[in-house]
Amino acid sequence: MSSLAFPSQQIGDFTITAISDGYLHASFDFLANIDPTDASRMQEDAGIRDHTSIHINGYLVRGGGHTVLIDAGAGGFKQWGGRLKTNLRLAGIQPCEIDAILLTHAHPDHVGGLIDASGEAVFPNAELVAHHREVSFWQDDGNLSRAPERSRGNFLLARQAFDSYRAKLREFEDGEVLPGITAMPLPGHTAGHTGYRLDSGDKSLLVWGDIVHFPQIQIPRPDVSIAFDQDAHLAAETRTRLLDCVATEHLLIAGMHLGEPGFARIRRTGDTYAVAYEKCT
Ligand SMILES: [Zn+2]
């Protein structure tokens, strides 16, 4: 199978490919500011059958002398996802070929795939690149001790992932993280939640991380936040501001929970927004 089987976009010298990790499920009880019945109706109207399933993507970026992965999927943590490594191979890439991993943040469905069952790095030649606030947050023992029991596992997994890449961990503040790839802090979902903007030739793309988990709900209703957002108010504010920016710029976007098509643009409709999935090359 060639990489043509996976949704891809050409952004100047970069080829970016959506690599599916599979799915996780989240109850609508995790959503704030919306009745679960209304959430179901929005999914139904959008033609989504499994209303509470959340698709997980990682993105492979080739070009500029690098082979980069943006986020690594859940790796089967809590039986979420786990297909990214196989799909990467089907796209023609072996784990040892990845030379950098850019993290949008360190939740389990983004870092679980960085390590195998014995805690070893899955991508032995990759540097791990993340916002310094994200690394600090998960390493902080005070944050761990204040965390509810149900999210302690998230801390342990994030720490294990950082430890496995300790010798090649690179933390940044902002700015260009690799040639042509610029970090865009998008705080709220987590402390160091970061998007990555690719600019090459006259083309651009923003990988916006977890700005939405249910695109057909949260793009028309940016005020709807999810319990996974560390700061629900700030996450909604960031989402609303970013939707305005990307709609105005007509910017191509990619997102870890944008759905299997992997790429979209945001249209303004009246006083809100809609997602328009992009045809892939
Ligand atoms: Zn996520």
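As the structure is a computational prediction, the values presented were derived from the model and not from experiment. (Residues numbered from 1 in each chain as written. Predicted model: local features only at pLDDT ≥ 70, side-chain atom pairs only at ≥ 80, totals over all residues. Heavy atoms only, no water.)

Enquirer: Where do I start with the layout of surface pockets in this structure?
Expert: Here the idea is plain: a probe the size of a water molecule rolls over the atoms and shows the empty space left. In this model, the largest pocket occupies a volume close to 550 Å³. For the lining of the largest pocket, the elements supplying multiple residues, two or more each, are β2 (14-25), α3 (108-111), α4 (132-139) and α6 (152-164). Across the lining of the largest pocket, the residue classes tally to 11 nonpolar, eight polar and five charged. Estimated volume of the second largest pocket: approximately 280 Å³. Looking at the lining of the second largest pocket, the elements that each hand over two or more residues are β4 (53-63) and α7 (215-218). Classifying every residue of the lining of the second largest pocket by side-chain character gives nine nonpolar, seven polar and two charged. (1 Å grid on protein atoms, 1.4 Å probe; cavity = no way out; pocket = protein on both sides within 12 Å on 5 of 7 lines; lining within 4 Å. Points joined across faces, edges and corners; volume = space filled by probe spheres on them. Helix = DSSP H or I, 4+ residues; strand = E, 2+ residues; numbered from the N terminus. Nonpolar A, V, L, I, M, F, W, Y, C, P; charged D, E, K, R; others polar.)

Enquirer: Mind showing me how you'd approach the side chain of Arg-159 here?
Expert: With respect to the element layout, Arg-159 can be found in helix α6. According to the relative accessible area criterion, Arg-159 is buried, its value standing at 16%. Within the structure, Arg-159 has its side chain in polar contact with the backbone oxygen of Gln-139 (distance 3.1 Å). Sequence-distant contacts of Arg-159, defined by excluding residues within four places in its chain, comprise Trp-138, Gln-139, Asp-140, Asp-141 and Leu-144. (Buried < 20%, exposed > 50% of the residue type's maximum accessible area, 1.4 Å probe, protein only. Polar contact = N/O pair within 3.5 Å; in protein donor to acceptor, adjacent residues only side chain to side chain. Contact = heavy atoms within 4.5 Å.)

Enquirer: Which parts of the structure should I look at to understand the pattern of salt bridges?
Expert: As a working rule, side chains carrying opposite charge can pair if their charged atoms are close by. For the structure shown, the criterion picks out 10 salt bridges. For Arg-170, the salt bridge identified is with Glu-127, shortest N-O distance 2.9 Å. Of this pair, Arg-170 sits in strand β8 (residues 169-172) while Glu-127 sits in strand β7 (residues 127-131), placing them 43 residues apart in sequence. In this structure Glu-127 comes out as partly exposed when scored by relative accessible area, which is 22%. A salt bridge links Glu-278 to Arg-265; the nearest nitrogen and oxygen atoms lie 3.1 Å apart. Here Glu-278, found in the segment after β16 (272-277), pairs with Arg-265, found in strand β15 (residues 263-269); they are 13 residues apart in sequence, far enough to count as distant. With a relative accessible area of 21%, Arg-265 lands in the partly exposed category. Here the residues in one salt-bridge network are Asp-38, Arg-41 and Asp-45, joined through shared partners. (Salt bridge = Lys/Arg side-chain N within 4 Å of Asp/Glu carboxyl O.)

Enquirer: I tried to follow the packing of α4 against α6 on my own but got confused; where do I start?
Expert: What describes two packed helices is the angle between their axes and the distance between those same axes. Remark: α4 packs on α6, axes separated minimally by 9 Å, with the N-to-C direction vectors making an angle of 125 degrees. By the angle between their axes, α4 is oblique relative to α6. Where α4 crosses over α6, the handedness of that crossing is left-handed. Mapping the contact onto sequence places Val-135, Phe-137, Trp-138 and Gln-139 in α4 and Asn-154, Phe-155, Ala-158, Arg-159 and Phe-162 in α6. Of the residues contributing to the contact of α4 with α6, the split by class is six nonpolar, two polar and one charged. (Axes fitted to C-alpha atoms, helices over the stretch in contact; angles between N-to-C directions. Parallel < 35°, antiparallel > 145°, perpendicular 65-115°, else oblique. Left-handed = near helix turned anticlockwise from the far one by under 90°.)

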